[in-house]
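Residue-level structure breakdown
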Amino acid sequence: MSTTKISASILALTALVWTAGCQKQELPGAEKLGVNGVAYTPVTEPITNKVIDASVLDAGTGSTFSFDTHQAWFNFHTVSATPTTNKGTGSKREDWNLAFWNGSGLNRIILNYSVTTQAKLITSATTLTAAIGQVTQLEAANTLFNGGTFGFGDLSTFDFHKDGQFVIGTPSTAYRVYLIKTPPVQVHPDTTGSAPVNVTHWLVRVRWNNTSSPQGYYVQYQGVNRVNATTWNWVGTATEISNIPKVATRQYQFVKFGAGTGSPAIQPALSLWNLGLSAVTLKRYVNPSAGGGAYPFALKGVVLNNNPAVQVYSVRHANTAGTNAGGPGPYDPNYTWNNDPARDPANSVESQFLAFNASNINDLNFSSTNQEEIGQYWRYLDMGNYQIFVDRFFVIKLANGDVYKVKFENLTAGTTSNPVNNGIRIRYSRIATP
């Protein structure tokens with residue numbers, strides 16, 4: 001199993017902020033409309049422009065919000081148009097290392113996608129003690145972590161639900177042990193009179209418990225230190241969390257190494273947010289078509305973690321629908337678009353966006369299974385700036401059945417390249433209710 005990393009920063013997509021000025025207006029005598037047998041009541045609301053930047057975010061911790069240091073979570077229904085009260089919930093990106101999925105039908109443990117984190121399975125080891133004895137495997141994992149272009153390991157494309165990417169994987173009922181590399185975590189080595197030390201490597205033992213009640217995740221971790229190619233030593237003592245039961249009111253539960261057995265408050269309860277934003281560190285390919293190298297790049301303004309109760313699909317221009325325009329992106333070795341049709345003004349969906357209403361909703365297209373349903377796929381990144389893909393907009397259905405159309409725009413009129421730290425602009429309108 002391989003890797004996963006990410007560096008977080010936040011802009012804000014979830015500012016699909018439903019302002020108090022957006023009053024629901026059901027059409028006189030409106031009948032239920034819909035495609036594929038799903039009925040909606042049409043709603044007419046003016047299209048709202050919204051700029052999301054640091055001024056509309058609240059870190060929730062008393063610290064200043066920064067796109068470089070925080071993640072953010074937003075609620076469509078309660079966010080105000082007034083900057084001083086338009087507060088999403090922010091959390092610092094280094095405040096967790098592992099997250100445990102609470103949803104039904106899937107058991108999943110992910111690495112922190114907001115900081116550079118990597119993991120490698122230590123095969124045949126079912127205990128921490130057995131794993132630290134597998135020096136050959138530990139060395140191979142360490143080589144993997146520090147190899148690749150610019151010493152950034154074996155990175156690949158972003159897939160939140162694929163083993164070997166941004167997840168440890170689907171835990172089984174058997175114990176698995178991983179070597180995980182994280183940014184430095186300060187812990188006490190448990191030696192009398194010694195000062196705290198920074199730990200970057202951890203042996204982590206996980207499993208899914210489906211036999212006892214309540215069912216849940218098991219995790220045990222302990223810091224390790226690489227002395228040389230033949231010696232790895234323990235740091236501190238092991239921490240064990242014997243059961244992390246699934247909690248229906250939360251998307252994930254979180255664990256921070258070195259911080260005991262509590263679950264840090266990273267995301268709000270599911271009822272309090274719809275979309276979250278964070279940056280991601282991936283390989284950025286310099287010249288993939290010619291076999292060129294790559295370098296790690298923090299992709300800011302990436303929309304991640306749509307609340308699983310939120311469903312999304314994109315509407316594309318006829319000229320680009322069914323093609324790989326606008327994706328998977330320049331950080332992917334398969335990327336070949338030097339003049340991406342997704343950025344071509346000739347493929348703008350503006351008129352289609354304006355005309356899109358309840359009768360156009362295709363309920364079969366909605367998906368909540370992909371955590372990155374919007375993801376990177378609304379803009380092209382270019383060295384600290386981004387350019388909007390004009391060939392698409394998004395249709396979003398909330399847990400209460402309300403449906404919105406959402407389109408990304410340039411931050412200011414007349415611009416085509418937007419600094420990632422300056423925020424994002426969206427246009428949105430509610431078009432239907434159940």
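Values in this document were obtained by computation on a predicted structure and should not be read as measured data. (Residues numbered from 1 in each chain as written. Predicted model: local features only at pLDDT ≥ 70, side-chain atom pairs only at ≥ 80, totals over all residues. Heavy atoms only, no water.)

What follows concerns the overall build of the chain. Looking only at helices and strands, the chain features 3 helices and 25 strands. When each of the 434 residues of the chain is scored for burial, the buried share is 52%. With the model as given, the accessible surface of the chain reaches about 17,300 Å², and the carbon-plus-sulfur share is 50%. (Helix = DSSP H or I, 4+ residues; strand = E, 2+ residues; numbered from the N terminus. Buried < 20%, exposed > 50% of the residue type's maximum accessible area, 1.4 Å probe, protein only. Areas by Shrake-Rupley, 256 points an atom, 1.4 Å probe, with all protein chains shown as cover.)

A few words now on the nonpolar core. The tendency in soluble globular proteins is for nonpolar side chains to be buried side by side. Among the nonpolar cores identified, the biggest contains 34 residues, and Leu98, Ile180 and Val204 are the most heavily contacted of them. Of all the secondary-structure elements, those providing two or more residues to this core are strand S6 (98-101), strand S7 (109-111), strand S10 (176-187), strand S11 (197-209), strand S12 (216-228), strand S13 (231-245) and strand S14 (252-255). Per-element accounting of this core gives the leading share, 5 residues, to S11. Other than its neighbours up to four places away in sequence, Ile180 contacts Leu98, Leu111, Thr117, Gln118, Ala119, Ile168, Thr200, His201, Trp202, Val204 and Phe257. Among the nonpolar cores identified, the runner-up in size contains 20 residues, and Leu381, Tyr386, Ile396 and Val406 belong to it. (Core = buried A, V, L, I, M, F, W, Y, C linked by side-chain atoms within 4.5 Å. Contact = heavy atoms within 4.5 Å.)

On to the pattern of salt bridges, then. Under the counting rule described, the total for this entry stands at 10 salt bridges. The residue Arg392 makes a salt bridge to Asp391 at a minimum N-O spacing of 2.7 Å. With respect to class, Arg392 is no different from Asp391; both count as buried. Between Arg430 and Asp402 there is a salt bridge whose closest N-O contact spans 2.9 Å. One end of the pair, Arg430, is in strand S25 (residues 424-433); the other, Asp402, is in the loop between strand S22 (392-397) and strand S23 (403-409), with 28 residues separating them in the sequence. With a relative accessible area of 13%, Arg430 lands in the buried category. Here Asp402 falls in the buried class, since its relative accessible area comes to 6%. (Salt bridge = Lys/Arg side-chain N within 4 Å of Asp/Glu carboxyl O.)

Positionally, Gln71 belongs in strand S4 (residues 70-74). Residue Gln71 is classed as buried on the basis of its relative accessible area of 0%. Counting along the chain gives 22 residues from Gln71 to Arg93, while the straight-line C-alpha distance between them is 6.0 Å.

Let us now look at the environment of Ala229. Within the secondary structure layout, Ala229 lies in the loop between S12 and S13. C-alpha separation for the pair Ala229 and Asn142, spaced 87 residues apart in sequence, amounts to 9.8 Å. Residue contacts for Ala229: discarding those within four places in its chain leaves Val135 and Glu139.

For residues with low pLDDT, the predicted coordinates do not support detailed interpretation. With 71% of its residues at a pLDDT of 70 or more, the chain shows a mean pLDDT of 77. Confidence drops under a pLDDT of 50 for residues 79-86, and excluding neighbours within four residues, the segment shows 15 contacts in the predicted structure. (pLDDT = per-residue confidence, 0-100.)

On to the sheet that holds strand S20 (residues 379-382). Reading across from one edge, S20-S21-S24 is the order of the 3 strands in this open sheet, with antiparallel pairing throughout. The open sheet terminates on both sides in strands that have one partner only, identified here as S20 and strand S24 (418-419). (Pairing = 2+ DSSP bridges.)

This part takes up the sheet that holds S12. One open sheet accounts for 5 strands, arranged S8-S10-S11-S12-S13; its pairing is antiparallel. Sheet topology places strand S8 (118-121) and S13 at the edges, where each strand pairs with a single neighbour. Within this sheet the neighbouring strands show an average axis-to-axis angle of 25°, counted without direction. In this sheet, S13 lies alongside S12 in antiparallel orientation, the contact comprising 10 bridges. Across the sheet, residue Arg226 finds its bridge partner in S13, namely Trp232. (Axes fitted to C-alpha atoms, helices over the stretch in contact; angles between N-to-C directions.)

Describing an aromatic ring pair means giving the distance of the ring centres and the angle of the ring planes. Counting across every chain of the model gives 16 aromatic pairs. Ring centres of Tyr175 and Tyr218 lie 5.2 Å apart, and the angle between their planes is 75°; this geometry places the pair in the edge-to-face category. With a gap of 43 residues between them, Tyr175 in the loop between strand S9 (167-169) and S10 and Tyr218 in strand S12 connect regions that are remote in the sequence. Ring centres 4.9 Å apart and planes at 40° place the aromatic pair Tyr221 and Phe257 in the tilted group. Of this pair, Tyr221 sits in strand S12 while Phe257 sits in the loop between S14 and strand S15 (275-277); the two residues are 36 residues apart in sequence, bridging distant segments of the chain. Residue classification places Tyr221 among the buried positions, given a relative accessible area of 1%. The class of Phe257 is buried, set by a relative accessible area of 1%. Site record: aromatic cluster; members linked through ring pairs are Trp96, Trp101, Tyr252 and Phe254. One Lys or Arg, Arg207, reaches over the ring of Tyr175 and ends 5.1 Å from the middle of that ring. Between the NZ or CZ atom of Arg379 and the centre of the ring of Trp378, over which it lies, the distance is 5.4 Å. (Phe/Tyr/Trp six-rings, centres within 6.5 Å; stacked < 30°, edge-to-face > 60°. Lys NZ or Arg CZ within 6 Å of the ring centre and 35° of its normal.)

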